[in-house]
Amino acid sequence: MLGHSHALSGLAVGAATLPWAPVHGTVAQVAWVSAVGGFAMLPDLDQKGSTISRMWGPLTDVPSGVVNAVSRGHRWGTHDAVLGPLAFGLLAYAAAWNHWSSLLLLALAIGLALRALHVVIPGRAENTVLGNLVLSWGGAWLLLAHSPSPAWLPMAVAVGVLTHIAGDGLTKEGVPVPLVWLVRRSRLAPVHLHTGAVVERAVLVPLFVVATVAFLYANTGAHTLVDPILARLG
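Because the structure is a prediction, the values reported are computed rather than measured. (Residues numbered from 1 in each chain as written. Predicted model: local features only at pLDDT ≥ 70, side-chain atom pairs only at ≥ 80, totals over all residues. Heavy atoms only, no water.)

Quick look at the overall build of the protein now. When its secondary structure is counted, the protein shows nine helices and two strands. Ordering the α and β elements of the protein from the N terminus gives α-α-α-α-α-α-α-β-β-α-α. Computed over C-alpha atoms, the radius of gyration of the protein comes to 18 Å, within 12% of the 17 Å expected from 2.2 N^0.38 for 234 residues, which places it in the range of a compact globule. The principal-axis extents of the C-alpha atoms in the protein amount to approximately 60 × 40 × 35 Å. Buried positions account for 47% of the 234 residues belonging to the protein. For the protein, restricting intrachain contacts to residue pairs at least 6 apart in sequence, the fraction spanning at least 24 positions comes to 68%. Counting 12 positive and 9 negative side-chain charges, the protein places the averaged centre of each group 5 Å from the other. (Helix = DSSP H or I, 4+ residues; strand = E, 2+ residues; numbered from the N terminus. Rg over C-alpha atoms; globule rule 2.2 N^0.38 Å. Buried < 20%, exposed > 50% of the residue type's maximum accessible area, 1.4 Å probe, protein only. Contact = heavy atoms within 4.5 Å. Lys, Arg positive; Asp, Glu negative; His and termini not counted. Charge placed at Lys NZ, Arg CZ, Asp CG, Glu CD.)

Have a look at this one:
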């Protein structure tokens with residue numbers, strides 16, 4: 001799937017899972033949805049030199065090369081539905097106990113989401129290294145400063161990574177058969193949807209947008225603001 005499709009699907013899943021997410025209050029809910037949306041891009045950091053890996057220049061491209069080597073190439077280890085969420089989740093668990101590492105993790109999620117969604121948000125600042133750094137770190141700092149300790153970050157990582165894997169599982173390239181690929185490289189590709197196909201751009205992307213808005217309306221306090229407006233219009 002295209003980058004913005006992954007990010008949008010992550011936002012939709014983040015909004016849909018709010019009733020079960022261990023977050024309380026509007027700010028924490030925004031942080032959860034933003035994090036899941038960004039972490040839905042995380043598995044693609046296994047491709048050194050990609051648009052996502054170059055997000056913060058060497059700060060992301062060098063680790064991307066390490067991830068590529070450890071995961072045995074693009075769309076293997078990080079796209080394993082068992083190992084991917086487990087590995088990224090454990091790293092997030094370790095990071096969640098310290099304020100600065102939590103800040104880094106949330107900034108990474110926001111940066112990934114901004115980078116992926118450049119086609120649907122105005123401006124170009126999120127596409128530049130400096131602009132993305134300022135927006136993502138500033139956003140992460142604001143969210144953490146006005147919400148409780150983000151012990152939920154590992155769960156958000158796992159949900160985002162699984163969302164990404166499910167999306168890539170719809171494409172003709174597929175995803176690795178969990179754990180089996182370590183012994184014999186094999187993939188699951190039941191649907192064979194072409195990346196960037198009309199179905200993705202004309203059906204899935206609008207569906208993800210509508211789902212995000214609908215779930216945010218249903219699962220947050222947004223309805224208390226929207227309902228009176230709709231009532232007056234009616």
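The next point concerns the side chain of Asp61. With respect to the helices, strands and loops of the structure, Asp61 is situated in helix 3 (residues 58-70). When its relative accessible area of 17% is taken as the criterion, Asp61 is described as buried. A polar atom in the side chain of Asp61 sits 3.4 Å from the side chain of Lys48. In this view, Asp61 contacts Lys48, Gly49, Ser53 and Arg54; residues no more than four positions away in its chain are not counted. (Polar contact = N/O pair within 3.5 Å; in protein donor to acceptor, adjacent residues only side chain to side chain.)

Turning our eyes to something else, we now look at the nonpolar core. With 50 residues, the main nonpolar core has Trp32, Phe39, Leu42, Leu106, Trp152 and Val157 as its most contacted residues. Those elements that provide at least two residues to this core are helix 1 (3-16), helix 2 (26-39), helix 4 (83-95), helix 5 (99-116), helix 6 (129-145), helix 7 (153-168) and helix 8 (198-219). A total of nine residues in this core trace back to one element, the largest contributor, which is helix 5. In this structure Phe39 touches Leu105, Ala109, Leu153, Ala156, Val157, Gly160 and Val161, once residues within four positions along its chain are discounted. (Core = buried A, V, L, I, M, F, W, Y, C linked by side-chain atoms within 4.5 Å.)

Turning next to helix 1. A rise of 1.5 Å per residue sets the reference length of helix 1, with its 14 residues, at 20 Å; its end C-alpha atoms lie 20 Å apart and thus fit the reference within 8%. Where helix 1 is concerned, the buried positions are His4, Ser5, His6, Ala7, Leu8, Ser9, Gly10, Leu11, Ala12, Gly14 and Ala15. (Expected span 1.5 Å × (residues − 1).)

Tracing the chain through its elements places Pro178 in the loop between strand 1 (175-176) and strand 2 (187-188). For Pro178, a relative accessible area of 28% puts it in the partly exposed group. With 94 residues separating them along the chain, Pro178 and Gly84 place their C-alpha atoms 9.4 Å apart. The contact partners of Pro178, leaving out residues within four places of it in the chain, are Asp80, Ala81, Val82 and Leu188.

The next point concerns a nonpolar patch on the surface. On the surface, Val82, Leu179, Leu182 and Val183 cluster together into a nonpolar patch covering about 370 Å² of accessible area. By the element assignment, Leu179 lies in the loop between strand 1 and strand 2. (Patch = residues over 30% accessible without salt bridge, like charges linked within 9 Å, V, L, I, M, F, W, Y side chains within 5 Å. Areas by Shrake-Rupley, 256 points an atom, 1.4 Å probe, with all protein chains shown as cover. Salt bridge = Lys/Arg side-chain N within 4 Å of Asp/Glu carboxyl O.)

Nothing here speaks to function; it is all geometry.
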